[in-house]
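Structure at a glance
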Amino acid sequence: MDTNKKMEKLYVTGVYYVFIILLLGIISLYFNLWLGLVEIIVAIALFIIDVVVNRFAKKRITAMFEQMTLNLGSATRNSLTDFSLPTIVIQADGRIKWYNDEFQNIFPEESLFDQAITDLIPHFPLEEARKKESGLLTDIAVKNRHFKVAGSIAGSLDEKQQEVIVLYFDEITDYIEIKNKYTNEKTFECLLFVDNYDELMESTPNASVPQLQALLYKYINDWSQANSGVLVKYEKDKYCITFEYRFLEMFIKNKFDILSKIRSIDEGNTLPATVSIGVGLNGENIQENDAFAKAAINMALGRGGDQVVIKDDEQFRFYGGATKEYEKSTRVKARVVSFALSGLIQNAENVIVMSHKNADIDSLGASFGIYRICRMHDKTVNILLETFDQTVRKMLERFENVDEYSELFINNQQASMRVKSGTLLVVVDTHKPSLVENAALLERTNQIVVIDHHRRGAEFIDHTALIYHEPYASSTCEMITEILQYTSDKMSVTKLEAECLYAGILVDTKHFTFKTGVRTFEAASFLRKQGVDTVAIKTLFQQDLTSYIRRANIIRNAEIVRDHIAISICEEQDRDVHIIVAQAADELLNIKGITASFVLCRSENGVNISGRSLGEINVQVILEKLGGGGHLTIAGAQIDNTTLEETKQQLLAAIEDYYLETTN
C-alpha cells in the first residue's frame, strides 16, 4: 500500500511539473518565440510520457492485486500463494481480487479475477461473509465437490477501497460421501398393524377369509421385499419391518402407497381393510428406534388408523388418515377400564374432574358420569368448571336448585388448594395439556386418568395412571356411559345426569348423524331408560331469533373454494360467538355440493376456526397444519396474534397442502 501511495504522489507531482513548464513556455513566447515553443513542446512531450507511464502503473497495480502485494509482506504472500487449501480474497461486493492455484484448480476453465463469487457459486452466502462479528463458516457444494468454507473480513485494500474478505476452502467430499453412505444404510423400524382385524374378518364371508388373510400378508410381504426390508410377523395382525434409511424418501414421495393397496382389497368384506404404520428413526440406537416406532404406532391407532406416523427425536409426521374410524364391536376394553378406574378411585384421597377450556356439553356430561362413579364408591369429588359455553350454562341452570350438587363445582383457585399428591385427577374430553382448564394441576399429582375420543395429536398428557382413548367413539359421554354400565350391576344415574350425558352424545353426533355406531345407540338407550326427557333436551338447544339471524349472515357470506369447500368469516366478537360459528359450520354442510366447511371468528388472542366435513375431506389433518385438531369430520383450531384475513390465507394454503399430500 505504501508503494501505491508513493506512486500516486509521484504521478500527481509530475502533472504539476508539466503544468509549470507549459506556463513558463507561454510566458517565454512574449520574450523569445523559439524558447517559448521549445518549452511548450517539452511540456506536451512530458504530458504524453506521463499518460503512458500512468497506464503502465495501473497495470502494475493490477498485477500487485493478483500477486497479493497489497498489505502483505513477502513472507505472508508466499505462504498464502503456496497454501495447500484453495484460498481467495474478495471485496465486500463479492468481486474476486486474488486467488491461489488450488482455487484455480476448482474452476480450471474460468477467468476468475474480478469475477463475482456468486456467479461461480450461486448459493454462496455473501451476506453472512460480510458480518464482522461472526465471520463465515459453512458447507458449500461446487461441481460435485463439497467444501467447508471459513472466512472473515481482513481489512481494506487502502483508505478508498472496499473491505476484503479472505476465504479458505477445505474439501470434505470424502467425509460427505461417507456420511451419506452411513445415513442411507442405517436402519429404521416400521411397525405395521392391521386395523380392526377381528371386525374385518367377521365382516368377510367365511369362504373368503383365507384369501383375505393371504392377500394381506402378500401385499405387506411384497412391499417389504421390493424395498429390501426384513419382515417379521409376530402376531396375526402385527408386523415388524426393518428398512434402510435410503428408502424413506421414496416412501414419502409415494405417500406410502401400501395404504391404498391394502385398502383396495375386496374379498367380500363389508369393512375396508386398512393398516396403521408407525416408523421410528434417528434414535441413538436400535432400542430408541423401537421406542419411537411404538410411540408412532400408538399415535396412528389413536388417530383412527389407516395412516402412517413417523417419529424421530424431534417430532411426529403424519401421512394418510383419510378413512373414517370404524366402531369396534367388543366392549372388553370398556369393562377393563371400568374395573381399573374403580380401583384408582377407591385408592385416592379425593377426585377432581377437569375438562378443556370453555367446556361444552360433552365434557360436562362426561364429568357428571365420573361424579356418579365416585359417589358409588363414596369418594369426595369435585368438578373444575370455570369457563364454559352457552349450552352448558343452560344445563347448569337445571342443577342450581338441587342440593346434591350445591358444592360440586369449583374454580381454578379452589382446585389448586384441593389437589394433593394423593388426589386422582380425571381429565375428560381432551388429551392435550395446553387445552385443559388448569394445566398446573397436571404437575401436582401423578394419579392422572385421561378419557377422550378425539383423534390423537402430537401433544399428549404424560405420566398417566390410566388412558382410555378411543377415536372411534362418537363422544366422551358415550365412553363414560359404557363405563357406568360396568361399574355396578345395579348402576343408575339421576334423570338430570342422564340428560346431560345424552345431550353430550346428541351434540357430538349432530343428532345421531355423524360418527354414530351401534354402541352409540346402545349408550343412548341405556340413558333413555334412566328417564331422559328428549323434549327437554330439544329445548336446551333452542336459540333466540338474534342468534339465528347471525348464523344466517355467516352462511350468506360464505365463499366456495375448490367447488365443494365453504369458507366464511364472522366479524362479530362476543362471549358466545364460537357457538354461532360452530352451528354455522354445521349448517353449511346442508348446502348441496358442500362436503367441508370452515368458519373463522375473532377470539381474545387471535382467531378461532371451526371445521366440519361429511367425511370425504379430513378437516382434522387440515387444521392440524394450523396447530389445531379434532376428528375427521369435526375439528377446530385457535391461532394467536393474527387477523381474520391472515388466518384465511393460512387456511387456504393448508387446504392446498392437504390436496397435494392426498393426491395419489
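Residues numbered from 1 in each chain as written. Predicted model: local features only at pLDDT ≥ 70, side-chain atom pairs only at ≥ 80, totals over all residues. Heavy atoms only, no water.

**Regarding the side chain of Thr274**
Heads up, the rule is: Under the scheme used here, helices are H or I runs from DSSP no shorter than 4 residues and strands are E runs no shorter than 2 residues, and both carry numbers assigned from the N terminus. Each residue gets one of three labels from its accessible area relative to the maximum for its type: buried under 20%, exposed over 50%, partly exposed in between, using a 1.4 Å probe on protein chains only. N or O atoms closer than or at 3.5 Å make up a polar contact, with two conditions inside protein: a donor-capable atom paired with an acceptor-capable one, and, for residues adjacent in sequence, both atoms drawn from side chains.
Along the polypeptide, Thr274 turns up in the loop between α11 (258–263) and β9 (275–280). Accessibility expressed as a relative area gives 7% for Thr274, which makes it buried. One polar contact links Thr274 to Asp195, side chain to side chain, over a distance of 2.8 Å.

**Observations regarding unusual backbone geometry**
Its identity is not glycine, yet Arg562 carries a phi of approximately 50 degrees, on the positive side. Looking at where Arg562 falls in the secondary structure, it is placed in the loop between β18 (559–561) and β19 (565–570). At Asp563, a residue that is not glycine, the phi angle is positive and equals roughly 70 degrees. Counting through the fold element by element, Asp563 comes out in the loop between β18 and β19.

**Side note on the packing of aromatic side chains**
Pairs of aromatic rings are described using the distance from one ring centre to the other and the angle between the two planes. As a reminder, the rule being used: For Phe, Tyr and Trp, where Trp contributes only its six-membered ring, two rings pair if their centres lie within 6.5 Å, and the inter-plane angle classes them as stacked under 30 degrees, edge-to-face over 60, or tilted in between. For a Lys NZ or an Arg CZ to count as sitting over a ring, it must be within 6 Å of the ring centre and within 35 degrees of the ring normal.
Counted under the stated rule, the structure contains 20 aromatic pairs. Consider the rings of Tyr217 and Tyr239, whose centres lie 6.3 Å apart with planes at 40 degrees: the pair is tilted. With Tyr217 in helix α9 (residues 209–226) and Tyr239 in strand β8 (residues 238–244), this residue pair connects regions lying 22 residues apart in the sequence. With a relative accessible area of 37%, Tyr217 lands in the partly exposed category. On the basis of relative accessibility, which here comes to 2%, the residue Tyr239 falls in the buried class. Counting every residue linked through ring pairs, the aromatic cluster contains Phe188, Trp223, Phe243, Phe251, Phe256 and Tyr319. Of note, Lys311 hangs over the ring of Phe292, and the distance from its end group to the ring centre comes to 4.3 Å.

**A few points about the sheet that holds strand β7 (residues 230–235)**
Definition in use: By the convention used here, strands pair only if DSSP detects at least 2 bridges between them. What counts as an axis is a line fitted to C-alpha atoms, over the stretch in contact for a helix, and the angles between N-to-C directions run from 0 to 180 degrees. Throughout, a residue-residue contact means that at least one pair of heavy atoms, one from each residue, lies within 4.5 Å.
Strand order in the open sheet formed by six strands is β7-β8-β6-β9-β10-β11, with mixed pairing between adjacent strands. A single partner strand is all that each edge strand has here, and the edge strands are β7 and β11 (316–320). On average, each strand axis in the sheet is tilted by 20 degrees relative to the strand beside it, whichever way the strands run. Looking at chain direction, strand β6 (residues 187–194) and β8 are connected through seven bridges and run antiparallel. Paired with Phe188 across the two strands is Phe243, which belongs to β8. Strand contacts of α9: β6, β7, β8 and β9, with the helix running at about 15 degrees to β8, the strand carrying the most contacts.

**Section: the packing of helix α17 (residues 476–487) against helix α19 (residues 518–529)**
To keep it simple, the criterion reads: Roughly parallel covers angles under 35 degrees, roughly antiparallel covers those over 145, roughly perpendicular covers 65 to 115, and oblique covers all other angles. In this scheme the crossing of two helices becomes right-handed for a clockwise turn of the near helix relative to the far one and left-handed for an anticlockwise turn of less than a right angle.
The geometry of α17 relative to α19 is characterised by a closest axis approach of 9 Å and an angle of 60 degrees between their N-to-C directions. Classified by the angle between their axes, α17 and α19 sit oblique to one another. Between α17 and α19 lies a crossing of left-handed hand. Within the contact between the two elements, α17 uses Glu478, Thr481, Glu482 and Gln485 and α19 uses Arg519, Thr520, Ala523, Phe526 and Leu527.

**Re helix α14 (residues 361–376)**
Worth spelling out the cut-off: Expected span of a helix, by definition, is 1.5 Å for each gap between consecutive residues, and there is one gap fewer than residues.
Look at α14: 23 Å from first C-alpha to last across 16 residues, which is about the 22 Å you get at 1.5 Å a residue. Within α14, 14 of the 16 residues are buried, which leaves it mostly tucked inside the rest of the structure. Among the residues trailing α14, Asp378 stands out with phi positive, at a value near 55 degrees.

**Details of the environment of His463**
Within the secondary structure, His463 is located in the loop between β16 (448–452) and β17 (466–469). The exposure class of His463 is exposed, given its relative accessible area of 66%. Taking the C-alpha atoms as reference, His463 lies 8.0 Å from Gln447; in sequence the two are 16 residues apart. With near-sequence residues (within four places) excluded, His463 lies in contact with Asn446 and Ile448.

**A short note on the nonpolar core**
Note the cut-off: To form a nonpolar core, buried Ala, Val, Leu, Ile, Met, Phe, Trp, Tyr and Cys residues must be joined to one another through side-chain atoms within 4.5 Å.
In this structure, Leu341, Leu364, Ile370 and Ile451 are the most contacted members of the largest nonpolar core, which totals 57 residues. Each residue touching Ile451, except ones within four places of it in the same chain, is listed here: Leu341, Ile370, Val426, Val427, Val428, Asp429, Thr430, Tyr468, Thr476, Met479, Ile480 and Ile483. Formed by 33 residues, the second largest nonpolar core is a distinct cluster that contains Leu231, Leu248, Ile262 and Ala273.

**Focus on the environment of Ile345**
Mapped onto the secondary structure, Ile345 falls in helix α13 (residues 332–347). Looking at Ile345, the relative accessible area reads 0%, which means it is buried. A sequence separation of 102 residues divides Ile345 from Gln447, and the C-alpha atoms of the two residues are 9.9 Å apart. If near-sequence neighbours (up to four positions away) are discounted, Ile345 is found in contact with Val351, Ile373, Cys374, His377, Lys379 and Leu424.

**Digging into the side chain of Arg612**
Among the structural elements, Arg612 can be located in strand β21 (residues 606–613). For Arg612, a relative accessible area of 7% puts it in the buried group. Only 2.8 Å separates the side chain of Arg612 from the side chain of Asp586, close enough to count as a polar contact.

**Structural notes on the pattern of salt bridges**
Stated precisely, the cut-off is as follows: Throughout this description, the term salt bridge denotes a Lys or Arg side-chain nitrogen within 4 Å of a carboxyl oxygen of Asp or Glu.
For the structure shown, the criterion picks out 23 salt bridges. For Glu185, the salt bridge is made with Lys181, and the minimal N-O distance between the two is 2.8 Å. Highlighted residues: Glu185 and Lys181, both in helix α7 (residues 173–185), separated by four residues, approximately one helical turn. For Lys181, a relative accessible area of 49% corresponds to the partly exposed category. The salt bridge involving Asp198 is made with Lys236; its shortest N-O contact spans 3.0 Å.

**Re the environment of Ala458**
Take Ala458: it is sitting in the loop between β16 and β17. Take Ala458: its relative accessible area is 47%, and that puts it in the partly exposed class.

**Things to note about the pairing of strand β1 (residues 87–91)**
By the criterion of burial, β1 is predominantly enclosed, with five of the five residues buried. Side chains of β1 alternate between two faces, with Thr87, Val89 and Gln91 and Ile88 and Ile90 buried alike. In this structure, β1 lies alongside strand β2 (residues 96–99), joined through three bridges in antiparallel fashion. The residue bridging Val89 from the neighbouring strand is Trp98, located in β2. Counting the residues between successive antiparallel strands, the hairpin from β1 to β2 contains four residues, one of them, Gly94, with a positive phi of roughly 95 degrees.

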